[in-house]
Amino acid sequence: MSETPLVSFVIPAYNAGRYLRDCIESLRAQTFGNWEAVIVDDCSDDDTLSIALRMAVKESRIRVVRMPRPSGRAFEPRKVAVMAARGEWISKLDADDLLPPDALERMLALIERSKADILYPTVFRLEEEGKTVRHLPKTDGYYHREIRGRSLLRDTLDGWKFAASGGLTRKSLYERIYARHSYPPGNAMIDEVCSRHILAADPVAIFSEAPYLYRRNPESLSTRRSVSVFDYIKVAIELIDLTESEFGKDSAEYILAQRQNFHTIFNMYKLLNHSDFSRKETAIAETLLCGAKQRIDWKALKGHVSPRYSLILKWHLPERLMLRLFRK
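Residues numbered from 1 in each chain as written. Predicted model: local features only at pLDDT ≥ 70, side-chain atom pairs only at ≥ 80, totals over all residues. Heavy atoms only, no water.

Student: Got a sec to walk through the overall build of the protein? Specific residues and values, please.
Tutor: Within the protein, the regular secondary structure consists of 13 helices and 9 strands. In terms of C-alpha radius of gyration, the protein reaches 21 Å, essentially the compact-globule figure of 20 Å for 328 residues. A principal-axis box enclosing the C-alpha atoms of the protein has dimensions of 65 × 45 × 40 Å. Looking at the protein as a whole, 52% of its 328 residues qualify as buried. Looking at the protein alone, contacts between residues at least 24 apart form 81% of all its contacts between residues at least 6 apart. Accessible surface for the protein amounts to roughly 15400 Å². Of this, 50% is attributable to carbon and sulfur atoms. Positive and negative side-chain charges in the protein, numbering 51 and 44 respectively, have mean positions lying 5 Å apart. (Helix = DSSP H or I, 4+ residues; strand = E, 2+ residues; numbered from the N terminus. Rg over C-alpha atoms; globule rule 2.2 N^0.38 Å. Buried < 20%, exposed > 50% of the residue type's maximum accessible area, 1.4 Å probe, protein only. Contact = heavy atoms within 4.5 Å. Areas by Shrake-Rupley, 256 points an atom, 1.4 Å probe, with all protein chains shown as cover. Lys, Arg positive; Asp, Glu negative; His and termini not counted. Charge placed at Lys NZ, Arg CZ, Asp CG, Glu CD.)

Structure (C-alpha cells):
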C-alpha cells in the first residue's frame, strides 16, 4: 500500500472463522476505498488466522497480526490494532459484524462537514434470516447536531442509549486515552470503561444514520456463558469511581453509576439463579458481589431504585433465596 489510508478498521478476532470472511468482504465492497484493515488474532483455535491470512494475500489493504499469547478479552488485540494503524481515523469493527457498501462514504461525508472527533453510527441487529432491526441509538434526538462527550457519558450509564461500536474516532484521541489510563488484566469487560474514558475527555461527537450491522454471536465473550460475565460488576465499580472523580457525588452521572451498580448486583444474582455455574465460579461471583454491595451509596440512591430490592440488601437477606421468592 503506497497511499496512506485515511481510515483504519481495527478488528480483534477470536474464533471468528464463521463470520470473518463476510466481515472483510463488506469492507472490500465499500464505495470509499482509502482504508486499511488491521486484524489481530487473539490466538484463536479455529480457522480465524488462516482465513485472515488468505484474505490478506487477496487484499493488499489488510494486515494481520497474531497476539503472542491469548489475552482473553478484546481490549488488548484492539489496542494492538489501534497502535499499528496508519489512518487518521479509527473504525472499531467486530469480526462478526458488517458494513453496508456506502457506510464509510456516508460517515466521512458527515465528518468533513463537522468539527467532530468521534462519529457514532446507527446500529442494526442482523438476524439469521438476513432481516435487520434497529438497535441503537434509542431516539433520533442525537442526529443533526454536535454533542460534547462529557454530556454523552450520562447516556451510557445504567444502560447504553447509543452504541460505541463502529463509527469513526480520531487515532490521536485513542493515543491520549491509552497514555492517561492503565488497563491492567483481570477485567474481561474493560472496553466498557475505556469507552467512558474517551467520552470523559470531552471530544466533539456526532451521530450518523449510516448503518452498522451487528450480529449477535453466541461464541463472543459478551454473550457466551462464562465466569467472565461477572466482570460487569468490576465495570460498575469503575464507573462509580469515574463519575465521582469527574462529576462529583451530587451529579446525575454519579447517581446513574450507583443505579448501574445496584441493578448489576441483582442481574448477576438472577444469572446465578438461572445458570449452572460451578462452585468455584459461583464463589468468584459472590466475592465480586460482596465488593459491589460495599460500594452502594444509599443516600445517592434514595428514590432512584426499587424499595423492595433495597430492603433485600439493607437487611442482609439471602439474596438468591429472596429472588427465587420473587420469581426473578
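What follows picks up the thread again.
Student: Mind laying out helix α6 (residues 171-180), listing which residues take part and the relevant values?
Tutor: All of the buried residues in α6 are Lys171, Leu173, Tyr174, Ile177 and Tyr178. Down the axis of α6, the buried set is contained in an arc of 155 degrees. They therefore lie on one face. The outward face of α6, more than 90 degrees from its buried face, is lined by the exposed residues Ala179 and Arg180. At its buried positions, α6 is contacted by α3 (75-84), β4 (89-92), β5 (118-126), β8 (166-170) and α7 (191-200). (Arc of directions from axis to C-beta.)

Student: Can you tell me about the packing of α3 against α6, naming the residues and giving the values?
Tutor: Contact geometry of α3 with α6 gives a least axis separation of 10 Å together with a crossing angle of 125 degrees. One way to sum up the angle between α3 and α6 is to call them oblique. For α3 against α6, the interelement crossing comes out left-handed. Contacts from Phe75, Lys79, Val82 and Met83 in α3 reach Lys171, Tyr174, Glu175 and Tyr178 in α6. (Axes fitted to C-alpha atoms, helices over the stretch in contact; angles between N-to-C directions. Parallel < 35°, antiparallel > 145°, perpendicular 65-115°, else oblique. Left-handed = near helix turned anticlockwise from the far one by under 90°.)

Student: Give a detailed account of the nonpolar core, specifying residues and quantitative values.
Tutor: Inside soluble globular proteins, nonpolar side chains tend to come together where they are buried. Tyr120, Leu152 and Phe207 are the most contacted members of the largest nonpolar core, which totals 43 residues. Listed in part, the 35 residues of the second largest apolar core include Cys23, Trp35, Met107 and Leu108. (Core = buried A, V, L, I, M, F, W, Y, C linked by side-chain atoms within 4.5 Å.)

Student: So what about empty space enclosed by the protein? Which residues, and what values?
Tutor: Applying the stated rule across the entire model yields 1 cavity of 30 Å³ or more. Its volume calculated, the largest cavity comes out at about 160 Å³. Taken together, 17 residues line the largest cavity, and the ones lying closest to its centre are Lys92, Ala164, Tyr174, Ser195 and Ile198. Listed by contribution, the elements that provide at least two residues to the lining of the largest cavity are α3, β5, β8, α6 and α7. For the lining of the largest cavity, the element with the highest residue contribution is α7, accounting for 4 residues. Its residues placed into classes, the lining of the largest cavity shows 10 nonpolar, 3 polar and 4 charged. (1 Å grid on protein atoms, 1.4 Å probe; cavity = no way out; pocket = protein on both sides within 12 Å on 5 of 7 lines; lining within 4 Å. Points joined across faces, edges and corners; volume = space filled by probe spheres on them. Nonpolar A, V, L, I, M, F, W, Y, C, P; charged D, E, K, R; others polar.)

Student: Account for the packing of helix α8 (residues 231-247) against helix α9 (residues 252-274), with residues named and values stated.
Tutor: Between α8 and α9, the least distance of the axes is 8 Å, while the angle of their chain directions is 170 degrees. Taken together, α8 and α9 sit at an angle that is classed as roughly antiparallel. Each of Tyr232, Ile233, Val235, Ala236, Ile237, Leu239, Ile240, Thr243, Glu244 and Phe247 in α8 lies in contact with α9, whose residues at this interface are Glu253, Tyr254, Ala257, Gln258, Gln260, Asn261, Thr264 and Met268. Considered class by class, the residues forming the contact of α8 with α9 number 11 nonpolar, 5 polar and 2 charged.

Student: How would you summarise the packing of aromatic side chains if you had to cite specific residues and measurements?
Tutor: By the definition in use, this model includes 14 aromatic pairs. Summarising the aromatic geometry, the rings of Phe75 and Tyr183 are spaced 4.7 Å apart at their centres and angled 45 degrees between planes, so their arrangement reads as tilted. Taken together, the positions of Phe75 in helix α3 and Tyr183 in the loop between α6 and α7 put the pair 108 residues apart, joining distant regions of the chain. Judged by relative accessible area, which is 3%, Phe75 ranks as buried. Residue class for Tyr183 comes out buried when judged on its relative accessible area of 9%. With 5.2 Å between their ring centres and 55 degrees between their planes, Phe262 and Phe266 make a pair best called tilted. (Phe/Tyr/Trp six-rings, centres within 6.5 Å; stacked < 30°, edge-to-face > 60°.)

Student: An account of the environment of Leu301 is requested, with residue identities and associated values reported.
Tutor: The topology assignment puts Leu301 in helix α11 (residues 298-301). Using a relative accessible area of 1% as the deciding quantity, one classes Leu301 as buried. Taking the C-alpha atoms as reference points, Leu301 and Arg259, separated by 42 residues in sequence, lie 6.8 Å from one another. Residues within four places of Leu301 in sequence aside, it is in contact with Ile255, Gln258, Arg259, Phe262 and Ile296.

Student: How would you explain the layout of surface pockets if you had to name every residue and give the values?
Tutor: Of the volumes computed, that of the second largest pocket is approximately 220 Å³. Surrounding the second largest pocket, Arg106, Leu110, Arg113, Ser114, Tyr143, His144, Arg145, Glu146, Ile206, Phe207, Ser208 and Glu209 form its lining. Looking at the lining of the second largest pocket, the elements that each hand over two or more residues are α4 (103-112) and β9 (204-214). When residues of the lining of the second largest pocket are assigned to their parent elements, the largest contribution, 4 residues, is made by β9. Split into classes, the residues belonging to the lining of the second largest pocket amount to 4 nonpolar, 3 polar and 5 charged.

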